[in-house]
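Reading the structure
So you can see what is in the structure, the chains are spelled out below.
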Amino acid sequence: MRTYHQLTDPDRSGLADQIGAQRKRVAERLAGVRRIVAVMSGKGGVGKSYVTANVARALARARKPVGVLDADLNGPTIPGLLGVNHSPLPAPGDAIEPAMSAEGVKCISMALLLDDGAPLAFKGPSAESFVWRGAMEASALREFLGDIAWGDLDTLLLDLPPGMQRYIELCDILGNPPPVLTVTIPTPESRDAVRRAMRAAVDRGSELLGIVENMVGGELRGSAGDDLAHEFGVAVLARIPWHPTADIWSTLGTRL
Amino acid sequence: MKFLCVECDQQMAFGERQLPGDGTLAATFKCPKCGRVVALLTNPMETQLVSSLGVVIGGKTVPAQPLETVRTMVATGRDDAFEDTARRPDGPTAASWSSEAQERLSRVPNFVRGMVKKIYADYARERGIAEITPAIMDTARAELGLEGM
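Residues numbered from 1 in each chain as written. Chains lettered and ligands numbered in written order. Predicted model: local features only at pLDDT ≥ 70, side-chain atom pairs only at ≥ 80, totals over all residues.

1. Observations concerning the overall build of chain B
Put simply, the rule is: Runs of H or I in DSSP of at least four residues are treated as helices and runs of E of at least two as strands, each being numbered from the N terminus. Exposure classes come from backbone-placed C-beta atoms, where a residue is buried if 20 or more other C-beta atoms lie within 10 Å of its own, exposed if 12 or fewer do, and partly exposed in between.
Across its full length, chain B holds 5 helices and 7 strands. Moving toward the C terminus, one meets the helices and strands of chain B in the order β-β-β-β-β-α-α-β-α-α-β-α. Burial status across chain B gives 28% buried among its 149 residues.

2. Considering helix 4 (residues 130-146) of chain A
Defined as follows: By definition here, a helix of n residues has an expected span of 1.5 Å times n minus one. Contact between residues is assigned whenever the C-beta positions, reconstructed from backbone atoms, fall within 7 Å.
With 17 residues, helix 4 of chain A extends 25 Å between its outermost C-alpha atoms, agreeing within 8% with the 24 Å of an ideal straight helix rising 1.5 Å per residue. Counting buried positions along helix 4 of chain A yields 12 of 17 residues, so the element is predominantly enclosed. Inspection of helix 4 of chain A places W132, M136, E137, A138, S139, A140, L141, R142, E143, F144, L145 and G146 of chain A among the buried residues, and these make up the whole buried set. Where helix 4 of chain A is buried, its residues contact helix 1 (15-29), strand 2 (66-70), strand 4 (106-108) and helix 5 (165-174) of chain A together with helix 1 (44-52) and helix 2 (68-73) of chain B.

3. Quick word on the environment of R204 of chain A
All names here are of chain A. Relative to the assigned elements, R204 resides in helix 6 (residues 188-204). Expressed as a C-alpha distance, the spacing of R204 and N176, which sit 28 residues apart in the sequence, is 9.0 Å. Here R204 is in contact with C171 and P177, once residues within four sequence places are set aside.

4. Topic: the confidence of the model for chain B
All names here are of chain B. Applied cut-off: As a per-residue measure, pLDDT tells how confident the predictor is, with possible values from 0 to 100.
Per-residue confidence for chain B gives a mean pLDDT of 80; residues scoring 70 or more make up 84%. Confidence, read as mean pLDDT per element, is least for helix 4 (residues 110-126) in chain B (75) and greatest for strand 1 (residues 4-5) (94). This prediction of the complex comes with two scores: 0.81 for pTM and 0.86 for ipTM.

5. Brief notes about the sheet that holds strand 5 (residues 37-42) of chain B
All names here are of chain B. Here is the rule: Strands are treated as partners if at least two bridges between them are detected by DSSP. Structural elements are reduced to axes, namely lines fitted to C-alpha atoms, with helices fitted over the stretch in contact, and the angle between N-to-C directions of any two is expressed from 0 to 180 degrees.
Across the sheet, which stays open at both edges, the 3 strands sit in the order 3-4-5 with antiparallel pairing between neighbours. On the outer flanks of this sheet lie strand 3 (13-18) and strand 5, each paired with one strand and no other. Put simply, the sheet's adjacent strands are angled 20 degrees from each other on average, direction ignored. Judged from the 6 bridges that link them, strand 4 (residues 25-30) and strand 5 form a sheet pairing that is antiparallel. By the bridge assignment for strand 5, A26 is matched with L41.

6. A short note on the nonpolar core
Applicable threshold: To count as a nonpolar core, a set of buried Ala, Val, Leu, Ile, Met, Phe, Trp, Tyr and Cys residues must be joined through C-beta atoms within 7 Å.
In terms of nonpolar packing, the biggest core is built from 78 residues, with V39, A56, V68, L82, L158 and V212 of chain A touching the most fellow members. Residues within four places of V68 of chain A in sequence aside, it is in contact with T52, A53, A56, I78, L82, V105, C107, L157 and D159 of chain A. By size, the runner-up hydrophobic cluster in this structure holds 9 residues, among which are A95, A124, I132 and A140 of chain B.

7. Points about the interface of chain A and chain B
Where we set the bar: Classification convention: Asp, Glu, Lys, Arg as charged; Ala, Val, Leu, Ile, Met, Phe, Trp, Tyr, Cys, Pro as nonpolar; all other residues, Gly among them, as polar.
Facing 41 residues of chain A, the contacting portion of chain B comprises 38 residues. Those elements that place two or more of their residues in the side of chain A that touches chain B are helix 1 and helix 4 of chain A. Looking at the side of chain A that touches chain B element by element, the count peaks at 7 residues for helix 4 of chain A. The residue makeup of the side of chain A that touches chain B, split by class, is 25 nonpolar, 6 polar and 10 charged.

Have a look at this one:
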């Protein structure tokens, strides 16, 4: 019996071609983006979104075109941090226009698309939804990259959720592992979790841009920033106190 | 995915795709030599898994719209997330749906119903059609090449 490749007529579904078209669409849409930076941490609650939003605002104040893709599909917070309120997103053609903050930061987030207070829920068979939910979220991430009219940007910041799954999906969608900005808090628990994420990023081939140590100077004790910087040979780009000044974000923006 | 008629050693040709409305998908293939027809029947889980990849068995018949997965598969999305779906006071009035058309739409699998509804709604709006009926749906299907919708 002949095999798939021995049958010469085209595959009507062309699933590989459809996937290829998706990748091409992402590449074309991001052609005007000078650099993509993934803001990540292996630990939740360290302030990734807070850091992302404030770096974006600092870059915008420095007149650098910047966008933020809120890749935390289940816990989106970027619009709130950027001061972006919901209004219907223009859909003029083959792309959706991103929302824009008052300071000029472009952004897309599931928070702009969901009913107020509603969790992200997909249509489909509810039984054993774990089988397909991850693929659905990866598709949503791909569409945020490929179907938003990002235009010409100096930097597109990707605010990743805790853990590594979204980062891995991102690498697969982009085809190249993006540079990574790592956020930690000072505690040894954070250090250990972030270390795993940084190792995974290195294993994937991402450039480590540096570390931001957040929530410094309060009750949280430890030296996670310095420990990780020493271990991975990167710089601590900023230490963010509980009540930072705008200068800190501007400095971080220039060091990024 | 290809189908081989083992007896004739011939690749079978794609026939048609149907969405019966219960979350399953049916696609038929016919041997060009002996005429034998087989049907590929996917269960709801398989159908959903393929849909979640943003691809279509049998190939896409209409170009992908931006954020297609998000717009059609998110169950908790807001109605006014996008300008083209939000009600605009100065824009064309959205067509109403006859009860027969609503009943027919209800038989479309829920995970693609939003997309199908939007296609018909856009079709009606662009042509100034006030009410979507089964006849309008048939016309739209024929004009837009929407198999099984």
